[in-house]
Number of protein chains: 4
Amino acid sequence: MSTSERPEPETDAAGPTRVGVLGAHGRLGSEVCRAVEAADDLELAARVGSGDDVEELVRAGVQVVVDVTHPDVVMDHLRFCVEHGIHAVVGTTGFDDARLAQLQEWLDASPGTGVLVAPNFSVGAILMMRFAAQAARFFESVEVVELHHPDKADAPSGTAARTARLVAEARREAGCPPMPDATSSGPEGARGADVDGVRVHSLRVRGLVAHQEVVLGAPGETLTIRHDSLDRVSFAPGALLGVRRISGRPGLTVGLEELLDLG
Amino acid sequence: MSTSERPEPETDAAGPTRVGVLGAHGRLGSEVCRAVEAADDLELAARVGSGDDVEELVRAGVQVVVDVTHPDVVMDHLRFCVEHGIHAVVGTTGFDDARLAQLQEWLDASPGTGVLVAPNFSVGAILMMRFAAQAARFFESVEVVELHHPDKADAPSGTAARTARLVAEARREAGCPPMPDATSSGPEGARGADVDGVRVHSLRVRGLVAHQEVVLGAPGETLTIRHDSLDRVSFAPGALLGVRRISGRPGLTVGLEELLDLG
Amino acid sequence: MSTSERPEPETDAAGPTRVGVLGAHGRLGSEVCRAVEAADDLELAARVGSGDDVEELVRAGVQVVVDVTHPDVVMDHLRFCVEHGIHAVVGTTGFDDARLAQLQEWLDASPGTGVLVAPNFSVGAILMMRFAAQAARFFESVEVVELHHPDKADAPSGTAARTARLVAEARREAGCPPMPDATSSGPEGARGADVDGVRVHSLRVRGLVAHQEVVLGAPGETLTIRHDSLDRVSFAPGALLGVRRISGRPGLTVGLEELLDLG
Amino acid sequence: MSTSERPEPETDAAGPTRVGVLGAHGRLGSEVCRAVEAADDLELAARVGSGDDVEELVRAGVQVVVDVTHPDVVMDHLRFCVEHGIHAVVGTTGFDDARLAQLQEWLDASPGTGVLVAPNFSVGAILMMRFAAQAARFFESVEVVELHHPDKADAPSGTAARTARLVAEARREAGCPPMPDATSSGPEGARGADVDGVRVHSLRVRGLVAHQEVVLGAPGETLTIRHDSLDRVSFAPGALLGVRRISGRPGLTVGLEELLDLG
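As the structure is a computational prediction, the values presented were derived from the model and not from experiment.

A. The arrangement of the relation of the copies chain B and chain A in detail. Once turned by 180° and shifted 0.0 Å along the axis, chain B lies on chain A with an RMSD of 0.0 Å. The transformation relating the two chain copies, once decomposed into turn and shift, fits a two-fold axis. In terms of proximity to the rotation axis, the leading residue of chain B is Ile225 of chain B, whose C-alpha is 2.4 Å off the axis. Residue by residue, 100% of the interface of chain B is reproduced at the interface of chain A, so both copies engage with the same surface.

B. Up close: the relation of the copies chain D and chain A. Each copy of the sequence occupies a distinct position, and chain D is placed on chain A by a rotation of 180° and an axial shift of 0.0 Å, giving an RMSD of 0.0 Å. With an isologous cut-off of 70% or more, the 100% of interface residues of chain D that recur at the interface of chain A puts this contact in the isologous class.

C. Structural detail: the environment of Gly61 of chain A. Turning to its location among the elements, Gly61 of chain A is positioned in the loop between helix H2 (55–59) and strand E3 (64–67). Overall, Gly61 of chain A belongs to the partly exposed group, its relative accessible area being 26%.

D. How the structure looks around the UniProt feature "binding site: (S)-2,3,4,5-tetrahydrodipicolinate" (unreviewed entry) in chain A. Residues and elements named next belong to chain A. Per the UniProt record, the feature "binding site: (S)-2,3,4,5-tetrahydrodipicolinate" (unreviewed entry) sits at His149, Gly158 and Thr159. Since its relative accessible area comes to 29%, His149 is described here as partly exposed. Leave out the neighbours within four places in its chain, and His149 touches Arg204, Val205, Leu208 and Val209. Looking at where Thr159 falls in the secondary structure, it is placed in helix H6 (residues 158–174). The exposure class assigned to Thr159 is partly exposed, which follows from its relative accessible area of 26%. Look past the residues within four positions of Thr159 in its chain and what remains in contact with it is Asn120, Met128, Met129 and Gln212.

E. Fine view of the pairing of strand E10 (residues 221–229) of chain C. Buried residues dominate E10 of chain C, accounting for eight of its nine residues. In this sheet, E10 of chain C lies alongside strand E9 (residues 210–218) of chain C in antiparallel orientation, the contact comprising nine bridges. Residue pairing in the sheet places Leu216 of chain C in a bridge with Leu223 of chain C of E10 of chain C. Hairpin remark: E9 of chain C followed by E10 of chain C, antiparallel, with two residues in the connecting loop; positive phi at Gly220 of chain C, about 85°. For E10 of chain C and strand E10 (residues 221–229) of chain D, the ladder comprises nine bridges, and the chain directions are antiparallel. Bridge assignment links Thr224 of chain C to a residue of E10 of chain D, and that residue is Arg226 of chain D.

F. Fine view of the interface of chain D and chain A. With 42 residues of chain D at the interface, the matching set in chain A holds 42 residues. Buried area between chain D and chain A, both sides added, is near 3,100 Å², and the carbon and sulfur share of it is 60%. Taken together, the links from chain D to chain A amount to two salt bridges. Glu140 of chain D is the partner of Arg206 of chain A in a salt bridge, and the nearest nitrogen-oxygen pair spans 2.8 Å. At the surface where chain D touches chain A, the tally comes to 16 residue pairs in polar contact (both at pLDDT 80 or more). For the side of chain D that touches chain A, the elements supplying multiple residues, two or more each, are strand E6 (141–148), strand E8 (198–204), strand E9 (210–218) and E10 of chain D. No other element matches the five residues that E8 of chain D contributes to the side of chain D that touches chain A. Counted by class, the side of chain D that touches chain A contains 18 nonpolar, 13 polar and 11 charged residues.

G. Summary view of the packing of helix H3 (residues 71–83) of chain C against helix H4 (residues 97–108) of chain C. All names here are of chain C. The geometry of H3 relative to H4 is characterised by a closest axis approach of 9 Å and an angle of 15° between their N-to-C directions. Between H3 and H4, the angle falls in the class roughly parallel. As for the relative orientation of H3 and H4, their crossing is right-handed in sense. Within the contact between the two elements, H3 uses Pro71, Val74, Met75, Leu78, Arg79 and Val82 and H4 uses Arg99, Gln102, Leu103, Trp106 and Leu107.

H. Layout of the pattern of salt bridges. In this structure the tally under the stated criterion is 68 salt bridges over all chains. One salt bridge connects Arg226 of chain A with Asp228 of chain A, and the closest N-O pair in it is separated by 3.0 Å. Its salt-bridge partner being Arg34 of chain B, residue Glu31 of chain B comes within 3.3 Å of it at the nearest N-O pair. Here Arg34 of chain B and Glu31 of chain B lie together in helix H1 (residues 27–38), a separation of three residues that amounts to about one turn.

I. Seen up close, empty space enclosed by the protein. Evaluation of the coordinates by the stated rule reveals five cavities of 30 Å³ or more. As a volume, the largest cavity reaches approximately 1,100 Å³. Residue classes in the lining of the largest cavity are distributed as 20 nonpolar, 12 polar and 12 charged. Size it by volume and the second largest cavity reaches roughly 90 Å³. Forming the walls of the second largest cavity are Val145, Leu147, Leu203, Glu213 and Arg226 of chain B together with Val145, Leu147, Glu213 and Arg226 of chain C. Contributions of two or more residues to the lining of the second largest cavity are made by strand E6 (141–148) of chain B together with strand E6 (141–148) of chain C.

J. View of the interface of chain B and chain A. Each partner contributes to the interface: chain B provides 31 residues, whereas chain A provides 31 residues. Roughly 2,500 Å² of surface becomes buried between chain B and chain A when both sides are summed, with 58% attributable to carbon and sulfur atoms. Of all residues in chain B, the largest losses of buried area upon contact with chain A belong to Phe131, Phe138 and Glu221 of chain B, amounting jointly to 22% of the total for that side. Counting every contact that joins chain B to chain A gives zero salt bridges. Where chain B touches chain A, the interface holds 20 residue pairs in polar contact (both at pLDDT 80 or more). Sorting the residues of the side of chain B that touches chain A by element identifies helix H5 (123–135) and strand E10 (221–229) of chain B as the ones contributing at least two each.

Scoring rules and cut-offs
- Residues numbered from 1 in each chain as written.
- Chains lettered and ligands numbered in written order.
- Predicted model: local features only at pLDDT ≥ 70, side-chain atom pairs only at ≥ 80, totals over all residues.
- Heavy atoms only, no water.
- Least-squares fit on C-alpha atoms with pLDDT ≥ 70 in both.
- Contact = heavy atoms within 4.5 Å.
- Helix = DSSP H or I, 4+ residues; strand = E, 2+ residues; numbered from the N terminus.
- Buried < 20%, exposed > 50% of the residue type's maximum accessible area, 1.4 Å probe, protein only.
- UniProt positions renumbered as here; feature names shortened; annotations may be inferred.
- Pairing = 2+ DSSP bridges.
- Buried area = accessible area lost by both parts, 1.4 Å probe.
- Salt bridge = Lys/Arg side-chain N within 4 Å of Asp/Glu carboxyl O.
- Polar contact = N/O pair within 3.5 Å; in protein donor to acceptor, adjacent residues only side chain to side chain.
- Nonpolar A, V, L, I, M, F, W, Y, C, P; charged D, E, K, R; others polar.
- Axes fitted to C-alpha atoms, helices over the stretch in contact; angles between N-to-C directions.
- Parallel < 35°, antiparallel > 145°, perpendicular 65-115°, else oblique.
- Left-handed = near helix turned anticlockwise from the far one by under 90°.
- 1 Å grid on protein atoms, 1.4 Å probe; cavity = no way out; pocket = protein on both sides within 12 Å on 5 of 7 lines; lining within 4 Å.
- Points joined across faces, edges and corners; volume = space filled by probe spheres on them.

Structural data, given as structure tokens:
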């Protein structure tokens, strides 16, 4: 079935949008399936696990796919979906420039299809990063503290490092001077890691899940933006928002924030 | 001297902008004077106290005035400034629709002059309110906690009430349902004050200065935006930003946020 | 089997302590079972559910019982346990003076048996309350903020009300004056509920689990003690500590804090 | 005048206790003077500055001295005070074992005299450290975050390092295993400084004063103890408490906590 033969998903029309989930049996995939089933305007048409055939998506008449599989299989899935005019919302990590260019090429050949590449489905985390970057140029100092359970292997977290880079970029664009810091003595590490000129501190404490705080300070005042993620159910609303919007946004979209109408 | 005779303030030109402060001997006024004096691109040309003659502003060649006086004298000051083509940045409270209409009328007769009415000069507080309003529609629940020293007479604070109203307005526009709350028993007051459907809680604790926290929650995650104001020196940068921008923005501007280029 | 015939549980001896759980199939009971099974020095000898016969405890040679059932059956369980010389750790709520007196009477007749009545198994919550009460007399102001999910029916929470009463009692004993509060205007409820002279504020926000903060303030400084309970697995260590200690503490013990050796 | 000739300070008797302040013109000394003057049961009998003669203390009939001078002069002051039977409350830092031994020797020769050496007069900071040390053995993980203005030269702060050492000591005594931490990758410094096995993180942010947070975590729960010092006026109550108690406590006392009756 060629793309042109497929009717456009019509989310406003008679029936609910038919959704397929790739990686349906994983922890994040299960949450997405549950959320799709609970939504009146969506129908869970296909659950595809690691051993299953992706042709199932076509047989089930899937209009939008959510892909939460691994970096080493996700590109094959996306080629298949785009070729079949199935819109896709992708939560898998590891999209570098080469991958995005490849994806763009496939999408150019299937003009009505939309793909959202979203490294983070948490609306709260996205807003935290956006607000931190927007506020950064108004404050002399900005530091990032992230707090996770002690079984996490990397420090700082990917989200903390990305936040630091967004803050650094916003400050460079605004011509902010380096942050003040008179520290001249003390044990190594006390001042945290330097990520693009922004200090990042990583706590690893039993009982925590995933938390981050951005502290911004100017003379006489501080602004603190904190995100607490206590359950992976928090990723579902962002994934569903992507599912609902991507069919109306052909081509490549990177980052869920593009769909949040933040102005 | 008529407006047309006065040269436009040229902040980029030869000399620094000549600034006058009305209410110069008050606590906030003193901070503004100190900040103006410390800025290379500004010159403190006149300090006007409660018994002084405002004609001094003209004699001193003031281009931009900062008015931090009382609601009962501020309108006379503004009429004088607008008539003399002096731009004004006003931190005084109590501007209702009638006052704003009057001010607009005066400004219509003096087209090159700009007035900024800013109920809050704290950039941190403004960002807190803006971010809270922007984020409000993405979360099921939003509550406001404000914490102040116990000598404060009103509860909740003006900033907390305004934040609640901005949040409520954003949620109405987005069609959000009422917030969930299963509370069925308990002593009166535990759930705080209801300000336009948003719960506001006021703590009064010795040792605190002025603090506010907006807590937003969705399944599995919360976003918290907190502003701590520890010293009134925090109001100076916002006032100076107004001083630097208002000459390039003729007419009436309400709210410092309009000058922050937040997009 | 009479009490005198039963050997004392010997936790230090050859084998592990034999533990029975009453209410084993509930959410809290399941956690306790899991924790007992994971402990080297304990053996899960009996899981007793709502339809099961408590005689099973005797047949299984249970030395210590954990009871997490309902207030309307717990007294029957305790009478049975005490009569059979089985030590008990009770997490059920609703123990008033009459119930404690009855329990004491039964224990008087079975001198070697110990019962711990613990309305809260969370060590973190217990320490929060204790530290708040200890610190209360050194500060002019103390307020309590508790934050829970919006499906909770009561506000304030039982723990918050208990904390407020402990704080009030400590301040009365130390002769502290009433807390300062200049509030003279504002919508009802802004200042929270008055529990024994201590202000308590209840937030209900989706995404939260169970959290409490005690804010204490004196001129120039504040001390904040916060407890975050993110998972009911947090109740297990307290229950196990009770199990390990109660056999060495004949008679009635009220409150897990008595076993924490806090000095 | 020899010690034996001096009447004991009688704080409960007719008049107020006569207090002298050494270092009276410094920032901390000025606060202490203000606080003494504001207290009904105390009288500020002597303000001694850096160029003044300490004999003034005797002439003014001072009963208790508060010394907030420098490490290089404090020992001479203390020898003088002890020889003259004047009790002393010392806030100066730098008391090592040699100095304490010397002080003890002088006090042995003047049995009725009391000296309190208190490296920290803030009751809030003392309680934070004490509670952190008491709670440490009940949690798998403990980390310290301290936040200060960016003009501070040392990182971590002295209080943070001392807190970490007290926590480490309490855990050693209780036989706690090392804290869990799976971190295997990331930029240097992300995990903070290692102070006796406890991770300490130092933030330096404009607008902050002096703040510290101790985060303790066990499965499913965390306990956070936070101290915010916003104004050096917070040191006065601790100093006054020392003044009121030291005359009733002959000999050497180290640490204000000894006078807090914390049980």
